[in-house]
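# Close look at the chain arrangement
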Amino acid sequence: MSAATIAFRHLFGPGPTNTYPEASLALSRPLLGHLDPAFLAEMDHACEGLRRVWGTQNRRTLPLSATGSAGMEAAFVNTVHPGDVVVIGVNGLFGERMCDVAARCGADVVRVDFEWGQPVDAERLVTAHPHPRIIAAVHAETSTGVRSDIAALGAAKGDALLLVDAVTSIGGIELRADDWGIDVGYAGTQKCLGVAPGLAPFTINERAWQRRVAKPQSWYLDLGMLGGYVGEASGAKRTYHHTAPVAMVVSLAAALDRIGEEGLENVWARHQGAGDALQHGLQEMGLELFAADGYRLPELTTVKVPAGVDSARVRGYLLDRYDIEIGAGVKQFASSVWRIGLMGPNANPGSVALILAALKDAIDRA
Ligand code: PLP
């Protein structure tokens, strides 16, 4: 099927969500030059909006021109000096990816594993090594649908820097970088922010900035060189670093405005309400949820594929018959778990009703 023949897909997977209409419309606006003052104002506006969804006053908060994984690279490459001890909580695929990235940056990685479907435990992380330079964890594990307690980690981090992945939490569930003691954080645009994939909202506080690597291995992700790109503090002189993806930044700014108009706490409540309703409905259908009770993400629900049901056939049926995409499980759970996202504009009662009815039909018929 060519892209042109696809009228509209309901993206209920763990990947790109459907975008907020304001973000889509902004993509169709005439392009601005990347150094046009009108664009620089949009960039300032996007950075201001990002501070709100991060829950931070950090001056150095910006959309990196890259995906969430590059945000992860930027976080580690700018903070890990060769041989630094980095304690990483692993309860899914993205914690594993953190270990790989940190090791490539020369870290002495202390990996602390948790069963998939369970949260990372702050106590185990902070006692894993007497003097870690960095403690890192994923706030919302997209591979398992689990939320971990970042505030508890921040309270117990001691002298270590706290580095957090907020790709699937930002703009969807409570996130308070400053109050929780997050020193370095990265995210993505494609989940609850309701923007296309391609930018990595990033934040770093003064404490982490003072300890950063003077000349990181990466030229492109060297935060020390990005100050001029975003004018560091609004109004500062802009210098060319790379050509900003102007359409994406303008789209992000529009989505952040929309979230601001709805009210961030209302947006969190909307995600919670949709997730609760979906999880309740799935259990009413006799299905079993995968993530541990009490730690389930509302924006990404993991559900066990019932015995005797072919996971791939159900997903194919949903796509063909309803134009609905849901995600498969990850790694060893590829055929035994489904992942259903209700992110950004999809976090609403209509989407819940649609996915529940369609999934029931698919399980009965596929
Ligand atoms: N971290 C988490 C928790 C994610 O869910 C993802 C992507 O799904 C990433 C990191 C990587 O982001 P990207 O795929 O945009 O590189």
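Below: a short report on this structure. (Residues numbered from 1 in each chain as written. Predicted model: local features only at pLDDT ≥ 70, side-chain atom pairs only at ≥ 80, totals over all residues. Heavy atoms only, no water.)

## Notes on a nonpolar patch on the surface
Quick note on the threshold: Like charges are joined within 9 Å and nonpolar side chains (Val, Leu, Ile, Met, Phe, Trp, Tyr) within 5 Å, but only among residues with over 30% relative accessible area and no salt bridge; these make up the patches. Surface accessibility in these figures is a Shrake-Rupley result with a 1.4 Å probe; residues are shielded only by whichever protein chains are displayed. Salt bridges are identified by distance alone: a Lys or Arg side-chain nitrogen within 4 Å of an Asp or Glu carboxyl oxygen. Only runs of H or I of at least four residues qualify as helices and only runs of E of at least two qualify as strands under DSSP, and these elements are numbered from the N terminus. Only protein chains enter the accessibility calculation, which uses a 1.4 Å probe; a residue whose area is less than 20% of its type maximum is buried, one above 50% is exposed, and one in between is partly exposed.
Together, Trp 219, Tyr 220 and Met 225 give the surface a local cluster of nonpolar side chains, amounting to about 300 Å² of exposed area. Within the element layout of this structure, Met 225 appears in the loop between helix 8 (206–210) and helix 9 (227–230). Taking the relative accessible area as the measure of exposure, Met 225 reaches 33% and is therefore partly exposed.

## Structural notes on the packing of helix 2 (residues 37–54) against helix 10 (residues 246–262)
Note the cut-off: Orientation is described by lines fitted to C-alpha atoms, with helices fitted over the stretch in contact, and by angles between N-to-C directions that extend from 0 to 180 degrees. Small angles under 35 degrees read as roughly parallel and large ones over 145 as roughly antiparallel, with 65 to 115 read as roughly perpendicular and the rest as oblique. By convention the crossing between two helices is left-handed if the near helix lies anticlockwise of the far one by an angle smaller than a right angle, and right-handed if it lies clockwise. Should any heavy atoms of two residues lie within 4.5 Å, those residues are considered in contact. Residue polarity is assigned by list, with Asp, Glu, Lys and Arg as charged and Ala, Val, Leu, Ile, Met, Phe, Trp, Tyr, Cys and Pro as nonpolar; anything else, Gly included, falls into the polar class.
Here helix 2 crosses helix 10 at 45°, and the two axes come no closer than 9 Å. Judged on the interaxial angle alone, helix 10 and helix 2 are oblique. For the pair helix 2 and helix 10, the sense of crossing is left-handed. Residues Phe 39, Glu 42, Met 43, His 45, Ala 46, Gly 49, Leu 50 and Val 53 of helix 2 lie in contact with helix 10, whose contacting residues are Val 246, Val 249, Val 250, Leu 252, Ala 253, Leu 256, Asp 257 and Ile 259. Within the contact of helix 2 with helix 10, the residues separate by chemical class into 12 nonpolar, two polar and two charged.

## Considerations on the sheet that holds strand 11 (residues 300–304)
As a general point, the strands of a sheet are linked pairwise by backbone hydrogen bonds and lie either parallel or antiparallel. Quick reminder of the rule: In this description, strands pair whenever DSSP reports at least two bridges between them.
The strand order 11-14-13 describes an open sheet built from three strands, whose pairing is antiparallel. Each edge of the open sheet is held by one strand with a lone partner, namely strand 11 and strand 13 (327–328). Relative to strand 14 (residues 337–341), strand 13 runs antiparallel, the two being bridged by two bridges. Note on strand 14: the bridge partner recorded for Ala 328 is Trp 338. Strands in contact with helix 11 (residues 264–284) are strand 11 and strand 14; relative to strand 11, the strand with the most contacts, it is inclined by about 10°.

## Quick look at the sheet that holds strand 9 (residues 184–186)
The seven strands are arranged 2-10-9-8-5-3-4 in an open sheet whose pairing can be described as mixed. Edge positions in the open sheet fall to strand 2 (60–64) and strand 4 (108–113), since each of these has one partner strand only. For this sheet, the mean angle separating the axes of adjacent strands, direction not counted, is 15°. Note: strand 9 against strand 10 (residues 200–204), three bridges, orientation antiparallel. Counterpart to Gly 185 in the pairing with strand 10 is Thr 203. Helix 2 rests against strand 2, strand 9 and strand 10 of the sheet, and its axis sits at about 110° to strand 2.

## Re the pairing of strand 5 (residues 134–138)
Burial within strand 5 is extensive, with five of its five residues counted as buried. Residues Ile 134, Ala 136 and Val 138 line one face of strand 5 and the alternating positions Ile 135 and Ala 137 line the opposite face, and both faces are buried. Sheet topology places strand 3 (residues 85–90) next to strand 5; three bridges connect them, and they run parallel. Pairing of Ile 88 across the sheet is with Ala 136, part of strand 5.

## Considering the pattern of salt bridges
With the rule as written, the count across this model stands at 23 salt bridges. Glu 48 is paired through a salt bridge with Arg 51; the nearest N and O atoms lie 2.8 Å apart. With Glu 48 and Arg 51 both in helix 2 and three residues apart, this pair spans about one turn of that helix. A residue is classified by how much of its surface remains accessible, and Arg 51, at 14% relative accessible area, is buried. For Lys 157, the salt bridge goes to Asp 183, with nearest N and O atoms at 2.8 Å. With a gap of 26 residues between them, Lys 157 in the loop between helix 6 (150–156) and strand 8 (161–165) and Asp 183 in the loop between helix 7 (177–180) and strand 9 connect regions that are remote in the sequence. Taken as a pair, Lys 157 and Asp 183 share a single burial class, namely buried.

## Details of helix 10
For clarity, the cut-off: The span you would expect from a helix comes to 1.5 Å times its residue count less one.
With 17 residues, helix 10 ought to run about 24 Å at 1.5 Å a step, and its terminal C-alpha atoms sit 25 Å apart, in line with that. Taken as a whole, helix 10 has its buried residues at Val 246, Met 248, Val 249, Val 250, Ser 251, Leu 252, Ala 253, Ala 254, Ala 255, Leu 256 and Ile 259. Taken together, the buried residues of helix 10 touch helix 1 (21–27), helix 2, strand 2 and helix 11. One or two positions beyond helix 10, positive phi appears at Gly 263, with a value near 100°.

Bear in mind that shape data such as this cannot, by itself, settle questions of function.
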